Amino acid sequence: YKLISNIKRAIDEVEGINEEIHLLAVNALIEAARAGESGKTFGVVASYMSELNGKVEKILKEIKDEIDIQSLSTAIREQSLIAKGNRLADIALTNIDIVDRSLYERASDVVWWAHDTYAIEALKSRSVESIRMLEKRLAIILDAYTVYHDIVVCDIEGNIIASGKNPRIRGRNCKGSDWFDSAFRGRFGCSSVHNSTIAEDRSVIIFSSVIKDESDSPLGVLADIFRWKEFADKIVRSIPLSDKEKSITRACITDSDGVVIADSTNRYDIIELSRKKELFSMSRGFIIDEFRGKRCIIAHAYSQGYENYSSGFHSLLIQEVS
């Protein structure tokens, strides 16, 4: 935009100077005529100035005819929007990649810890001492992995027998919850993002894995409770944009229905767009469309997955177009 402004200003300035030259030439010709014979030489110079004035005027007209300032301005503006859209789409892709990689690690953790001998022994013996040792073990893990709110162990009926953080939730039954039931359907189970009563109503994702004995018979389920909000808030609020751009940009992560599960503006609503189906079908891209009554660049990236895990989430950056 600055280039367009500079071109227009330069043309206007040249036109102004040329107008002054025209006036000087006219005045010079008048004075030369008044001077008679003695003003002939001055008249030649004045005529030459007038001729130059005409040439400059012609050149300026050709420039104006060939360069449509308005069209050029529009073209440059559209190119600028495309460049911004691609940059925002790249940031959206980076955000969802960070999510997938981190959640993959959480899934790997729970599968590994489900083989812990302390958990197996506690579920088999159910003695006070074995449960005490298990909870001590879980507390040590929590100290090392601060991304977790808690780690719990349930028996085969879904009753919590041990917690690394909160012994008061012992005896709570979790059978029927998505994370508990899904643990038996694959290598690991996983909940949606939700506020969990076993995590003091915090926004979490719970990963789970079946604990088995030496004969491969299920004994129970180990679950790690991941602090989703703290993790996701840091991602959407740390986008690499200037403070000015951040003030007009909303960064968020949604589920497949467009329900916001992380938001730099703390709205946590549902993203409604006339072209949402088109946008969400892109693995990475952007559209320019109306959003809440304003023209916006809406950049998007879908979960690409990492190793054998995919969150299935969508990453969005919505920036107002000035």
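Residues numbered from 1 in each chain as written. Predicted model: local features only at pLDDT ≥ 70, side-chain atom pairs only at ≥ 80, totals over all residues. Heavy atoms only, no water.

Another point: the overall build of the protein. A tally of helices and strands in the protein yields nine helices and eleven strands. For the protein, whose C-alpha radius of gyration is 35 Å, the value lies well above the compact-globule estimate of 20 Å for 322 residues. Taking the principal axes of its C-alpha atoms as reference, the protein extends roughly 130 × 35 × 30 Å. Counting every position in the protein, which comprises 322 residues, the buried fraction comes to 42%. (Helix = DSSP H or I, 4+ residues; strand = E, 2+ residues; numbered from the N terminus. Rg over C-alpha atoms; globule rule 2.2 N^0.38 Å. Buried < 20%, exposed > 50% of the residue type's maximum accessible area, 1.4 Å probe, protein only.)

A few words on the side chain of Thr249. Tracing the backbone through its elements, the reader meets Thr249 in strand E7 (residues 249-254). By relative accessible area, which is 7% here, Thr249 ends up buried. Here Gln319 takes part through its side chain, which lies 2.9 Å from a polar atom of the side chain of Thr249. In contact with Thr249, not counting residues within four places along its chain, are Ile239, Leu241, Ser264, Leu317, Ile318 and Gln319. (Polar contact = N/O pair within 3.5 Å; in protein donor to acceptor, adjacent residues only side chain to side chain. Contact = heavy atoms within 4.5 Å.)

Turning to the state of the cysteines, a few remarks are in order. Applying the stated criterion to the full structure yields zero disulfides. Cys174 supplies the cysteine sulfur nearest to Cys154, a cysteine that is in no disulfide, at a spacing of 4.4 Å. Residue Cys252 stays outside any disulfide, its sulfur separated by 12 Å from that of Cys296, the closest cysteine. The exposure class of Cys252 is buried, given its relative accessible area of 1%. (Disulfide = S-S within 2.5 Å.)

What follows is about the side chain of Asp224. Note on placement: Asp224 falls in strand E6 (residues 218-227). Buried and unpaired, Asp224 has no salt bridge, with Arg106 as the nearest side chain of opposite charge at 6.0 Å. One polar contact links Asp224 to Tyr148, side chain to side chain, over a distance of 3.5 Å. Those residues within four positions of Asp224 in sequence are excluded, and the remaining contacts are Arg106, Asp109, Val110, Trp113, Tyr148, Asp150, Ile151, Ile205, Ile206 and Phe207. (Lys, Arg positive; Asp, Glu negative; His and termini not counted. Salt bridge = Lys/Arg side-chain N within 4 Å of Asp/Glu carboxyl O.)

With that settled, the discussion passes to the packing of aromatic side chains. The final tally for this structure, using the stated rule, is 13 aromatic pairs. Relative to Tyr148, the ring of Tyr145 has its centre 6.3 Å away and its plane inclined at 45°; by these criteria the two rings are tilted. The exposure class assigned to Tyr145 is partly exposed, which follows from its relative accessible area of 34%. (Phe/Tyr/Trp six-rings, centres within 6.5 Å; stacked < 30°, edge-to-face > 60°.)

Turning our attention to the nonpolar core. Across soluble globular proteins, nonpolar side chains have a tendency to be buried as a group. Of all hydrophobic cores here, the largest spans 53 residues; its most connected members are Val99, Leu103, Val153, Trp228 and Phe313. In terms of residue count, helix H3 (residues 69-113) provides more of this core than any other element does, 13 residues in total. Beyond its immediate chain neighbours, meaning those up to four positions away, Trp228 contacts Val99, Leu103, Val193, Ser203, Val204, Ile205, Ile253, Ile261, Ala262 and Phe313. Core analysis: the next-biggest nonpolar cluster, separate from the first, contains 16 residues, Val152, Ile160, Trp179 and Ile206 among them. (Core = buried A, V, L, I, M, F, W, Y, C linked by side-chain atoms within 4.5 Å.)

This brings us to the pattern of salt bridges. All told, the structure shown has 23 salt bridges when counted by the stated rule. The closest approach of N and O atoms between Glu105 and Arg106, which form a salt bridge, is 3.6 Å. Taking relative accessible area as the criterion, Glu105 reaches 43% and is therefore assigned partly exposed. Taking relative accessible area as the criterion, Arg106 reaches 6% and is therefore assigned buried. Shared partners join several salt bridges into a network, and the residues in it are Glu200, Arg202, Arg227 and Glu230.

A few words now on unusual backbone geometry. Positive phi, close to 60°, is recorded for Asn266, a residue that is not glycine. Looking at the element boundaries, Asn266 is found in the loop between strand E8 (260-263) and helix H9 (276-280). Unlike most non-glycine residues, Arg292 shows phi in positive territory, near 55°.

Backbone hydrogen bonds are what pair the strands of a sheet, in a parallel or an antiparallel way. The five strands lie next to each other as E8-E7-E11-E10-E9, forming an open sheet whose pairing is antiparallel. Here the strands that pair on one side only, and so sit at the sheet edges, are E8 and strand E9 (284-291). For this sheet, the mean inter-axis angle between neighbouring strands, taken without regard to orientation, is 25°. Taken together, the three bridges between E7 and E8 define a ladder with antiparallel strand orientation. For Cys252, the partnering residue across the bridge sits in E8 and is Asp263. Strands E7 and E8 of the sheet are contacted by helix H7 (residues 228-236), whose axis makes an angle of about 55° with E8. (Pairing = 2+ DSSP bridges. Axes fitted to C-alpha atoms, helices over the stretch in contact; angles between N-to-C directions.)

Next up on the list: the environment of Val128. Relative to the helices and strands, Val128 resides in helix H5 (residues 128-144). When the C-alpha positions of Val128 and Glu57 are compared, they lie 99 Å apart, and in sequence the two are 71 residues distant.

A few words on H5. A rise of 1.5 Å per residue sets the reference length of H5, with its 17 residues, at 24 Å; its end C-alpha atoms lie 25 Å apart and thus fit the reference within 8%. Those residues of H5 lying buried are Ser130, Ile131, Leu134, Glu135, Leu138, Ile141 and Leu142. Seen along its axis, H5 keeps its buried residues to an arc of 135°; they face one direction. Away from the buried face of H5 by more than 90 degrees, exposed residues Val128, Ile140, Asp143 and Ala144 are located. (Expected span 1.5 Å × (residues − 1). Arc of directions from axis to C-beta.)

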